[in-house]
Structure formats: structure tokens, C-alpha cells
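Take a look at the letters that make up each chain.
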Amino acid sequence: MTTTLGRLEDLPPDYVQALARQNLVPLWPSLRALLPPDKPRPATRATHWSYEGLRPLLLQAGELTPIEKAERRVLVLANPGHGLERMQASAAIYLGMQLLLPGEWAPAHRHTPNAVRMVVEGEGAYTTVDGRKCPMQRGDLILTPTGLWHEHGHDGDQPVVWLDVLDLPLVHYLEASYHVDGPRQALREFAIPPDPQAGLRPTPMFERACSAGYPLLRYPWEEARAALLAQAQAEPHREVIQLAYVHPETGEPAQNILGFSALMLRPGQQLRLAARSPAQVFHLIEGAVEVQVEDQRFALAEADTCCAPGYTAVQLSNRSATAPAFVFIADESPLHRKLGLYEDRG
Ligand code: 1HN
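Residues numbered from 1 in each chain as written. Predicted model: local features only at pLDDT ≥ 70, side-chain atom pairs only at ≥ 80, totals over all residues. Heavy atoms only, no water.

S.K.: Just give me the short version of the layout of surface pockets, but keep the residues and values in it.
M.R.: Counted as a void, the largest pocket has a volume near 1,400 Å³. Lining the largest pocket are 48 residues, with Gln88, Ala91, Ala92, Pro169 and Leu170 positioned closest to its centre. Elements with a minimum of two residues in the lining of the largest pocket: β2 (74–76), β3 (94–100), β4 (105–111), β5 (115–121), β9 (150–154), β10 (160–166), α4 (168–173) and α6 (333–338). When residues of the lining of the largest pocket are assigned to their parent elements, the largest contribution, five residues, is made by α4. Residue composition of the lining of the largest pocket, grouped by class: 25 nonpolar, 15 polar and eight charged. (1 Å grid on protein atoms, 1.4 Å probe; cavity = no way out; pocket = protein on both sides within 12 Å on 5 of 7 lines; lining within 4 Å. Points joined across faces, edges and corners; volume = space filled by probe spheres on them. Helix = DSSP H or I, 4+ residues; strand = E, 2+ residues; numbered from the N terminus. Nonpolar A, V, L, I, M, F, W, Y, C, P; charged D, E, K, R; others polar.)

Rendered as C-alpha cells:
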């Protein structure tokens, strides 16, 4: 039973002031907002960011602000439900579109938030992570886990754009966010190069907990796309064609806080994703997809991004009857599982 509780206005003003003078606050006027009935009331709003809309503005940032004045030239995909100034897509997810122009250099630093890059367009750029040079090609996923040095360079002749996904809002909320600048990294090779196929697993592997060490930093799109097509072909009746980006040796999620996967929709396929507690981000790598979140529908074109709050079912529809579609998904599920908050409400 949910009874109506007393409000702050019901209390004598001089009593409320006496409390404040001693840094005290009554709980009951705020209790329902802190613990709403049945499900959370998320600030996260289903939001769509069109690449066609943002691309000219990002290129304009390239003209307006030299890389030396930006360090990282990024337009943040901000969720209006949180307030644009908070620069967050969901409670734990930060999204940004980053531009690097030919010959530019984004200097080395390391920081406490974990980051990944999903490459959107252009050739010739690379990220060096912990001394390991990771070429950036469209659709590649590149990890820069917490505490590892990273810098970006560009030897090509066209602009390169990628989507940054960080757990910055959470790490900042925890008052644990900071960075350290460093010198240009010396390159080093892997003694035994990791097998990129080993970093893709059927999504139930998400269920396991986590470990340290990041032997695989670059998850080439070529491998992920081929593995999705092979799964679809091998299991023609399987509804969900999805691979999680995982630690290649343990099968645990590739990073500690946010989870990453690639999903394929068969031509014309409609797929309902259950209402689960973590918020999610969808970024269209290839094809044409409609994303429905409650009463909102977003027609995603290639390189578009959208987000959905937690505890909400999402319907994905391939708008093409002839071609498959490929979606990159980032979500808060490793975090929710570790905290014991994960729920699947079907
Ligand atoms: C960062 O380090 C990068 O290294 C991009 O490219 C975006 C957003 C907030 C904090 C650190 C990068 C970032 C960031």
C-alpha cells in the first residue's frame, strides 16, 4: 500500500530551518521520490542522435577549434532528460563523436573511466593503447580500459570519426574521475598476437563475473560481422543473432562496467528485447533499423545512435526486406550484475 506522506510544506518553516542549521533533513517528504513504487523513474529519456545531422557540426568543430585547443575534439551526445550540461546518455553511459583530421595528434593520457571507440568513418587513424598500435577501421571496437595510456594519430588523408563510449558519469559520480598526461608512447608488439575471434562469444557468456588483464584491445569489425553471419547461417531458427565482446581467455565482459555486443537483424526481422534493468545504447553500423522504445520510434540510418532507459522493452526492426542490419549495443549490464541490481522483467 502506498499512502500519501507528509510534505515539507506541512512542517513549520522555523522547524525546517532549525534542521538545516544542523545539516539535517526530514526523510519522509522525499521518500517516494527516492523509492518510487514498482519501478524507477529514470531521468534517461529515449533519444536519437542523427549522424547526418551531427556530422557537419563535427566537421565545423574541426575548422573552429584546432586539436591543440581541444585535446579531444568531441561533440557529446547528451540526453536532454538529464540536462544537456551533464553530458550523459544514461546514468552510467557517456557518448561522444570524436573527429581527428589528417596529420593530427591527440596526446597520450590515462584516466580512471573506461573507454571504448566504435569507428564510424575514415581510414588511416590509429589508437595506441598501452604501447599497442590499434588501426581504426569502420566498425572496429577498440578498448581503452581504466588506467591504460592511450593516444590517437592519423596518417590518412580524410577525416576520421569514431563514437566514444565511457562509464564517465558513474566514475565521476563516485568522485573517482581523474586523468594524468603522459609522453608519446613507445610502441611494443604482443609476444603472441591475440586471436580476435576469441573475443566474440554468444551473449549468454555475459552471465559470468569479471577479471583483470586486457590481452585483446582491438575487435575488428570484419571478424565480428563474419561471425554474426556464420551464426545466422548455422542456426536459421535462432531468433537473437548477437555476439558479446568478451575477454578472449575468460569469456567475461570486455570491460568492467559497461557491456558491449554486436547484433544482427535478418532481412525484415523484428526483434523484441526484454525489459531489463540496465539502460542501453544502439549504434547502427550497417543497414536501416527502426528502434521502438515505448511510444517513441526512431528510424536509424547508418552511423546513427540512440539510447533507451532501463526497465523498458525495446523493439528493433530491420527496415530492409533484402539486407541484414548490424547494430552495436552498449549497456550497463556488467555494472548491474556486479551490484546485484540486474533484473530481467521479460
Ligand atoms: C577521452 O580520454 C577521450 O581519449 C575521449 O579519446 C573522450 C571524454 C571524457 C573523458 C575522457 C579519448 C573523453 C575522454
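S.K.: Provide a residue-level description of helix α3 (residues 51–64), including the pertinent values.
M.R.: For α3, built from 14 residues, the straight-helix expectation of 20 Å at 1.5 Å per residue is met to within 8% by its first-to-last C-alpha distance of 19 Å. Looking at α3, one finds that the buried residues are Tyr51, Leu54, Leu58, Ala61 and Gly62. Each buried residue of α3 sits inside an arc of 100 degrees when the element is viewed along its axis, so together they form one side. Exposed and oriented more than 90 degrees from the buried face of α3 are Glu52, Leu57, Glu63 and Leu64. If you check the start of α3, you find a side-chain oxygen 3.3 Å away from the backbone N of glutamate 52, and it comes from serine 50. (Expected span 1.5 Å × (residues − 1). Buried < 20%, exposed > 50% of the residue type's maximum accessible area, 1.4 Å probe, protein only. Arc of directions from axis to C-beta. Polar contact = N/O pair within 3.5 Å; in protein donor to acceptor, adjacent residues only side chain to side chain.)

S.K.: Lay out the sheet that holds β4 in plain terms, naming residues and giving numbers.
M.R.: Read across the sheet, five strands follow the order β7-β6-β9-β4-β11 without closing on themselves; strand pairing throughout is antiparallel. Edge positions in the sheet fall to β7 (132–135) and β11 (179–181), since each of these pairs with one other strand and no more. Each strand of the sheet is rotated relative to its neighbour by a mean of 30 degrees, with strand direction disregarded. Here five bridges tie strand β6 (residues 125–129) to β9, and the two strands are oriented antiparallel to one another. Looking at β9, one finds that tyrosine 126 is bridged to glycine 153. (Pairing = 2+ DSSP bridges. Axes fitted to C-alpha atoms, helices over the stretch in contact; angles between N-to-C directions.)

S.K.: So what's going on with the sheet that holds strand β16 (residues 270–276)? Which residues, and what values?
M.R.: If you trace the four strands from one edge of the open sheet to the other, you get β16-β21-β18-β19, paired in antiparallel fashion. Two strands close off the open sheet at either side, each with one partner strand: β16 and β19 (296–300). Between one strand axis and the next, the sheet turns through 15 degrees on average, direction left out of account.

S.K.: Tell me about unusual backbone geometry, and please be specific about residues and values.
M.R.: For asparagine 23, which is not glycine, the phi torsion reads 55 degrees and is therefore positive. The topology assignment puts asparagine 23 in the loop between α1 (13–21) and α2 (31–34). One non-glycine residue, glutamate 71, lies in the positive phi region at around 65 degrees. As for its position among the elements, glutamate 71 is in the loop between α3 and β2.

S.K.: Lay out the pairing of β5 in plain terms, naming residues and giving numbers.
M.R.: Within β5, seven of the seven residues are buried, leaving the element largely enclosed by the surrounding structure. Here β5 runs beside strand β8 (residues 141–144); their pairing, made up of four bridges, is antiparallel. Looking across to β8, one finds that methionine 118 is bridged to leucine 141. Looking at chain direction, β5 and β10 are connected through six bridges and run antiparallel. From the neighbouring strand, alanine 115 faces β10, where its bridge partner is leucine 166.

S.K.: Got a sec to walk through the site of the ligand? Specific residues and values, please.
M.R.: Within the structure, the ligand sits among Arg72, Tyr94, Gln98, His109, His111, Arg117, His150, His152, Asp164, Leu166 and Leu168. Take arginine 72: an N or O atom from its side chain is 2.7 Å from an oxygen atom of the ligand. Contact between the ligand and arginine 117: an oxygen atom at 3.2 Å from a side-chain N or O atom of the residue. Relative to its unbound accessible surface of 330 Å², the ligand loses 86% to contact with the protein. Judged by the fraction of its atoms near the pocket grid, the ligand is located in the largest pocket. Only β3, β4, β9 and β10 provide two or more residues apiece to the shell around the ligand. Tallied by class, the residues present in the shell around the ligand amount to three nonpolar, five polar and three charged. (Near = heavy atom within 4 Å. Areas by Shrake-Rupley, 256 points an atom, 1.4 Å probe, with all protein chains shown as cover. Sits in = over half its atoms within 2 Å of the grid points.)

S.K.: Could you give me a rundown of a nonpolar patch on the surface, with the residues and numbers involved?
M.R.: On the surface, a cluster of nonpolar side chains totalling about 540 Å² of accessible area is made up of Tyr15, Leu27, Trp28, Leu34 and Leu35. Inspection of the secondary structure assignment puts tyrosine 15 in helix α1. (Patch = residues over 30% accessible without salt bridge, like charges linked within 9 Å, V, L, I, M, F, W, Y side chains within 5 Å. Salt bridge = Lys/Arg side-chain N within 4 Å of Asp/Glu carboxyl O.)

S.K.: Quick one: what's the story with the nonpolar core, residue by residue and with numbers?
M.R.: Judged by nonpolar contacts, the single largest core of 60 residues is most densely connected at Leu95, Met97, Leu141, Val165, Tyr245 and Phe260. Element by element, the count of residues in this core is highest for β10, at five residues. Discounting residues that sit within four places of it in the chain, leucine 141 has contacts with Val116, Arg117, Met118, Leu217, Arg218, Tyr219, Tyr245, Phe260 and Phe328. (Core = buried A, V, L, I, M, F, W, Y, C linked by side-chain atoms within 4.5 Å. Contact = heavy atoms within 4.5 Å.)

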